[in-house]
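Each chain, letter by letter, is given below.
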Amino acid sequence: MFKTVGVVGIGQMGSGIAHVFAQNGCRVVAYDPSPAQAAKGLAGIAQNLERQAKKGVVFDAGIDEILARITVASSLDEFGTCELIVEAATENEPLKLELFRTLDGIAPEHAILASNTSSISITRIAAATARPDRVIGMHFMNPVPVMTLVEVIRGIATSEETFQAVAEAVAFLGKEMATSKDYPGFIVNRILIPMINEAAFALYEGIASAEDIDRGMKLGTNQPMGPLQLADFIGLDTVLAIGNVLYDGFKDPKYRPCPLLVQMVDAGYLGRKSGQGFYRY
């Protein structure tokens, strides 16, 4: 199992990934270009550990020990000892490609570079490096400490050795793995984002209110959260970014993002993180 794991990005996803690796005994080196976000991410990990302690998942006495395993790096240059690096930056392909080029020059030759991308091609990301056989997708679900699924995506060049090492890591974390081929949206978002987009179209076309759309899906299909509420939780900018990946990747009009969704993102209505989305927070 990996002893030292790097996490790039200490936002909602990155902090959760750092949390679960540290909770399971790994040393974690985490980096975020924003010191304020890094501090916020660490505070969030501490709060989540306290919630877990109240539920008996971890012991109060162990919280400081878990947090002590996480080191916030001042630059990516400190990732030179990492055996696995998980990138959890914004869902922006040019940004991810540049990060992987940089990490490829810093990480040890044997290290595996993984992306938490929810839709972008692992094959293209891998091609930005000199080790495409050691690049893979590890798409954790949000919130990471709670959700049990990790979607593992093999690029066209990903080796069997890399896949097996990551499969063992997923099991080590106590999570379940679903394996996907490298096509836009993979499994979860290939199905989920069109559902959210269709819910946005239903609202856009005046079929029903946001509340009734969500009520219908929650009570009619036994989902814990309606699609519009879920979109607010994910972030409408992220939903739109994934929708555009599907639309551009398949060139199929059925993936066309709803104009209302585009307009809301243009207005800065991004969901819970901005205080306004399909609902107010």
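Bear in mind that the values here come from a model prediction, so they are computed numbers and not experimental data.

**Observations concerning helix α8 (residues 210-221)**
For α8, which comprises twelve residues, the first-to-last C-alpha distance of 16 Å matches the rise-based estimate of 16 Å (1.5 Å per residue) to within 8%. Within the span of α8, buried status applies to Ala210, Ile213 and Asp214. Taken around the axis of α8, the buried residues stretch over an arc of 95 degrees, which confines them to a single face. More than 90 degrees from the buried face of α8, the exposed residues found are Leu219 and Gly220.

**Focus on the domain arrangement of the protein**
According to the domain assignment, the protein contains domain 1 (4-181) and domain 2 (189-274). Summarising the inter-unit geometry, the C-alpha centres of domain 1 and domain 2 are found 26 Å apart. Taken together, the contacts link eight residues of domain 1 with five residues of domain 2. Of the roughly 530 Å² buried where domain 1 meets domain 2, counting both sides, 57% is carbon and sulfur surface. The three residues of domain 1 that bury the most area against domain 2 are Glu91, Ser118 and Ser119, which together make up 56% of that side's buried surface.

**Focus: the UniProt feature "domain: 3-hydroxyacyl-CoA dehydrogenase C-terminal" (unreviewed entry) in the protein**
Here, UniProt's "domain: 3-hydroxyacyl-CoA dehydrogenase C-terminal" (unreviewed entry) annotation points to residues 185-281. Helix makes up 62% of residues 185-281 and strand makes up 0%, while its end C-alpha atoms are separated by 28 Å.

**Remarks on the side chain of Thr4**
Structurally, Thr4 is set in strand β1 (residues 4-8). The residues touching Thr4, leaving out its near neighbours within four places in the chain, are Arg27, Val29, Thr81, Cys82, Glu83 and Leu84.

**As for the pairing of strand β4 (residues 84-87)**
Burial along β4 is two-sided: Leu84 and Val86 facing one way and Ile85 and Glu87 facing the other are all buried. As judged from the four bridges shared by β1 and β4, these two strands associate in the parallel manner. Paired with Val8 across the strands is Glu87, a residue of β4. One ladder, built from four bridges, connects β4 with strand β5 (residues 112-115); its direction is parallel. Bridging across to β5, Glu87 finds its partner in Ser115. Since β4 and β5 lie parallel, the crossover through helix α4 (residues 93-106) that links them has a hand, and here it is right-handed.

**Quick word on the environment of Pro257**
Relative to the assigned elements, Pro257 resides in the loop between α10 (236-250) and α11 (259-266). By relative accessible area, which is 12% here, Pro257 ends up buried. Each C-alpha atom, one on Pro257 and one on Leu246, is 9.4 Å from the other, the two residues being eleven residues apart in sequence. Beyond its immediate stretch of four places on either side in the chain, Pro257 contacts Asn197, Phe201, Leu240, Gly243, Asn244, Tyr247 and Val262.

**Quick word on the packing of α8 against helix α9 (residues 227-234)**
Packing of α8 against α9 leaves a shortest axis separation of 7 Å and a crossing angle of 105 degrees. Overall, the two elements α8 and α9 adopt an arrangement that is roughly perpendicular. Touching Ala210, Ile213, Asp214, Met217 and Lys218 of α8 are Pro227, Leu228 and Gln229, all from α9. Taken together, the residues that form the contact of α8 with α9 break down as five nonpolar, one polar and two charged.

**Quick notes on helix α1 (residues 12-23)**
With twelve residues, α1 should reach 16 Å at 1.5 Å per residue; the first-to-last C-alpha distance of 17 Å fits that figure. Looking at α1, one finds that the buried residues are Met13, Gly14, Ser15, Gly16, Ile17, Ala18, His19, Val20, Phe21 and Ala22. One or two steps after α1, the chain reaches Gly25, where phi turns positive at roughly 95 degrees.

**Digging into the state of the cysteines**
Scanning all chains against the criterion turns up zero disulfides. With no disulfide partner, Cys26 has as its closest neighbouring cysteine sulfur the one in Cys82, 11 Å distant. Residue Cys82 is classed as buried on the basis of its relative accessible area, which comes to 0%.

What counts, and where the lines are drawn
- Residues numbered from 1 in each chain as written.
- Predicted model: local features only at pLDDT ≥ 70, side-chain atom pairs only at ≥ 80, totals over all residues.
- Heavy atoms only, no water.
- Helix = DSSP H or I, 4+ residues; strand = E, 2+ residues; numbered from the N terminus.
- Expected span 1.5 Å × (residues − 1).
- Buried < 20%, exposed > 50% of the residue type's maximum accessible area, 1.4 Å probe, protein only.
- Arc of directions from axis to C-beta.
- Domains from an automatic or database assignment.
- Contact = heavy atoms within 4.5 Å.
- Buried area = accessible area lost by both parts, 1.4 Å probe.
- UniProt positions renumbered as here; feature names shortened; annotations may be inferred.
- Pairing = 2+ DSSP bridges.
- Right-handed = clockwise from strand over helix to strand, strands pointing away.
- Axes fitted to C-alpha atoms, helices over the stretch in contact; angles between N-to-C directions.
- Parallel < 35°, antiparallel > 145°, perpendicular 65-115°, else oblique.
- Nonpolar A, V, L, I, M, F, W, Y, C, P; charged D, E, K, R; others polar.
- Disulfide = S-S within 2.5 Å.

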